Amino acid sequence: MKKIFGGINLTWPKIIIMAIIAGIYTAIMAMIPIAKDTSFSDLTVTFEVWVLFGIFIIMNSKSAKDSALKCFIFFLISQPLVYLVQDVINHSNLFNTYYRYWFMWTIACLPMGFIGYYMKKDKWWGLLILLPMLLLVGEEGMGYFSKTMFSFPRHLLTTIFCIVTIIIYPLAIFNNKKIKRAGVIMSGIIVILLVILSILNPPVYSTDLIANGDTYHFDNTYKVYLEDPKYGNLSIIYEEGIEDWMVHADFKKAGETVFVLESPTGEKRVFDISIRRDRYTIKERSN
């Protein structure tokens, strides 16, 4: 582990090759349908893997200036490639739409890489430099743990990755045993909070399924329910925006189930529904 975080001769050609591979790989994961909504595509939208790249570069740099420039160039190459590869293959316009946001983070790599280098000095204040990175990965981990609880085992690998790297960073970066121990305790607290907060605030996907209108006719005298209540709860609400009734859902779990819209006279309309973390599909069964 120490070899990876500080024992590699990280030359400029290696940085450029690493950036090109990272950018192209990320673009491919963003385009492959089978990778959608899995751990393999998570690095296309969140920071946890990119934090690892940054710390790897910092720990294998020769000076604060070298660290700042190498972090900057790595992200200056890899991030545009993520969008440009997709634009070329899919004829999209992702670069113009999204890269401005990531370019701001790329600019921030200059001071972050410079300051981050001083973690190598093995001083107590190195923990303060590391702390924002641990908190960022912890926040990403909490989000993915929530997604895993909702649609297990999706995003499980990313959740594990976040937890493991939070613990590994102080072990790999620092040599002083007291600093290393304090860092592990700090990381452990972040992991514990990550788990507790996720459990105390279980994921819920709230959405509206169908509206009263030409196709479906109902009001608050109707009943609506899921065949298997473990997936969540349904209710009929009045939506002020459209001034009409809606079937509202609070989903707690991904999967396939059935929901029923029942009139006061007992007439039922039955729907198959497929639930995902942020989307759903429904199809009414024929009578």
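Above this text is the structure in question.
Residues numbered from 1 in each chain as written. Predicted model: local features only at pLDDT ≥ 70, side-chain atom pairs only at ≥ 80, totals over all residues. Heavy atoms only, no water.

Q: Please clarify how the nonpolar core should be interpreted in this entry.
A: In a soluble, globular protein the nonpolar side chains are often hidden away together inside. Counting residues in each nonpolar core, the largest one holds 43 residues, and the members touching the most others are Ile55, Ile57, Phe74, Leu130, Tyr169 and Ile173. If you list the elements that add at least two residues to this core, you get helix H1 (12–31), helix H2 (48–59), helix H3 (64–90), helix H4 (94–116), helix H5 (125–150), helix H6 (156–173) and helix H7 (177–200). The element that contributes the greatest number of residues to this core is H2, accounting for 9 residues. Judged by nonpolar contacts, the second largest core, of 20 residues, contains Tyr205, Ile210, Tyr231 and Val247. (Core = buried A, V, L, I, M, F, W, Y, C linked by side-chain atoms within 4.5 Å. Buried < 20%, exposed > 50% of the residue type's maximum accessible area, 1.4 Å probe, protein only. Helix = DSSP H or I, 4+ residues; strand = E, 2+ residues; numbered from the N terminus.)

Q: Honestly, the pattern of salt bridges in this entry has me stumped. Any pointers?
A: Side chains carrying opposite charge are able to pair once their charged atoms draw close together. Taken as a whole and assessed by the stated rule, the structure comprises 7 salt bridges. For Lys230, the salt bridge goes to Asp228, with nearest N and O atoms at 4.0 Å. The partly exposed category is assigned to Asp228, whose relative accessible area is 28%. In this structure, the salt-bridge partner of Arg269 is Glu284, at a minimum N-O distance of 2.8 Å. Within this pair, whereas Arg269 is found in strand E6 (residues 268–275), its partner Glu284 is found in strand E7 (residues 280–284), the two being separated by 15 residues in sequence. Accessibility expressed as a relative area gives 27% for Arg269, which makes it partly exposed. With relative accessibility at 28%, the residue Glu284 sits in the partly exposed group. (Salt bridge = Lys/Arg side-chain N within 4 Å of Asp/Glu carboxyl O.)

Q: Even after reading the chapter, I still don't get unusual backbone geometry, so can you show me in this structure?
A: A negative phi angle characterises most non-glycine residues, just as the trans form characterises most peptide bonds. In the segment running from Phe152 into Pro153, the intervening peptide bond is cis, with an omega of 5 degrees. Mapping Pro153 onto the fold places it in the loop between H5 and H6. One non-glycine residue with positive phi stands out, namely Asp37, at about 60 degrees. Tracing the sequence through the fold places Asp37 in the loop between H1 and H2. Given a relative accessible area of 16%, Asp37 falls into the buried group. Even without being glycine, His91 reaches a positive phi, approximately 55 degrees. Mapped onto the fold, His91 is located in the loop between H3 and H4. The class of His91 is exposed, set by a relative accessible area of 70%.

Q: Looking at this structure, how should I read the packing of aromatic side chains?
A: Working definition: an aromatic ring pair is given by the centre-to-centre distance plus the angle between the planes. Using the criterion set out here, one finds 18 aromatic pairs in the structure. Taking the centre distance of 6.4 Å and the plane angle of 80 degrees together, the rings of Phe5 and Tyr169 count as edge-to-face. Of this pair, Phe5 sits in the segment before H1 while Tyr169 sits in helix H6, and the two are 164 residues apart along the sequence. Take Phe5 and Tyr169: they sit in the same class, and that class is buried. Look at Trp50 and Phe53: their rings are 5.4 Å apart centre to centre, the planes differ by 50 degrees, and that puts the pair in the tilted class. With a gap of 3 residues between them, Trp50 and Phe53 both fall in helix H2, about one helical turn apart. (Phe/Tyr/Trp six-rings, centres within 6.5 Å; stacked < 30°, edge-to-face > 60°.)

Q: Even after reading the chapter, I still don't get the sheet that holds strand E1 (residues 205–211), so can you show me in this structure?
A: Where strands meet in a sheet, backbone hydrogen bonds hold them as pairs that are either parallel or antiparallel. Taken in spatial order, the 3 strands of this open sheet run E1-E4-E3, and their pairing is antiparallel. Where the open sheet ends on each side, the last strands, each with one partner, are E1 and strand E3 (232–239). On average, adjacent strands in this sheet sit at an angle of 30 degrees to one another, irrespective of strand direction. (Pairing = 2+ DSSP bridges. Axes fitted to C-alpha atoms, helices over the stretch in contact; angles between N-to-C directions.)

Q: Would you mind showing me how to read the pairing of E7 here?
A: On any regular strand, side chains alternate: one points to one face of the sheet, the next to the other face. Sheet topology note: the E6/E7 ladder contains 5 bridges and is antiparallel. Paired with Phe271 across the two strands is Glu284, which belongs to E7. With antiparallel pairing between neighbouring strands as the criterion, E6 and E7 make up a hairpin whose turn holds 4 residues.

Q: What is the right way to look at H7 in this model?
A: Residues spaced three or four apart along an α-helix face the same direction, because each turn holds 3.6 residues. For H7, which comprises 24 residues, the first-to-last C-alpha distance of 34 Å matches the rise-based estimate of 34 Å (1.5 Å per residue) to within 8%. Within the span of H7, buried status applies to Ile179, Gly183, Met186, Ser187, Gly188, Ile190, Val191, Leu194 and Ser198. As for H7, its buried residues are in contact with H5 and H6. (Expected span 1.5 Å × (residues − 1). Contact = heavy atoms within 4.5 Å.)

Q: Would you explain the packing of H6 against H7 in this entry?
A: If you want to describe how two helices pack, look at the angle between their axes and the distance between the axes. Interhelical geometry of H6 versus H7 gives an angle of 165 degrees and a closest axis separation of 8 Å. As judged from the angle between their axes, H6 and H7 are roughly antiparallel. When you trace H6 past H7, the crossing you get is right-handed. Between H6 and H7, the contacting residues are Ile163, Ile166, Ile167, Pro170 and Leu171 on the first element and Lys180, Gly183, Val184, Ser187, Gly188, Ile190 and Val191 on the second. Classifying every residue of the contact of H6 with H7 gives 8 nonpolar, 3 polar and 1 charged. (Parallel < 35°, antiparallel > 145°, perpendicular 65-115°, else oblique. Left-handed = near helix turned anticlockwise from the far one by under 90°. Nonpolar A, V, L, I, M, F, W, Y, C, P; charged D, E, K, R; others polar.)

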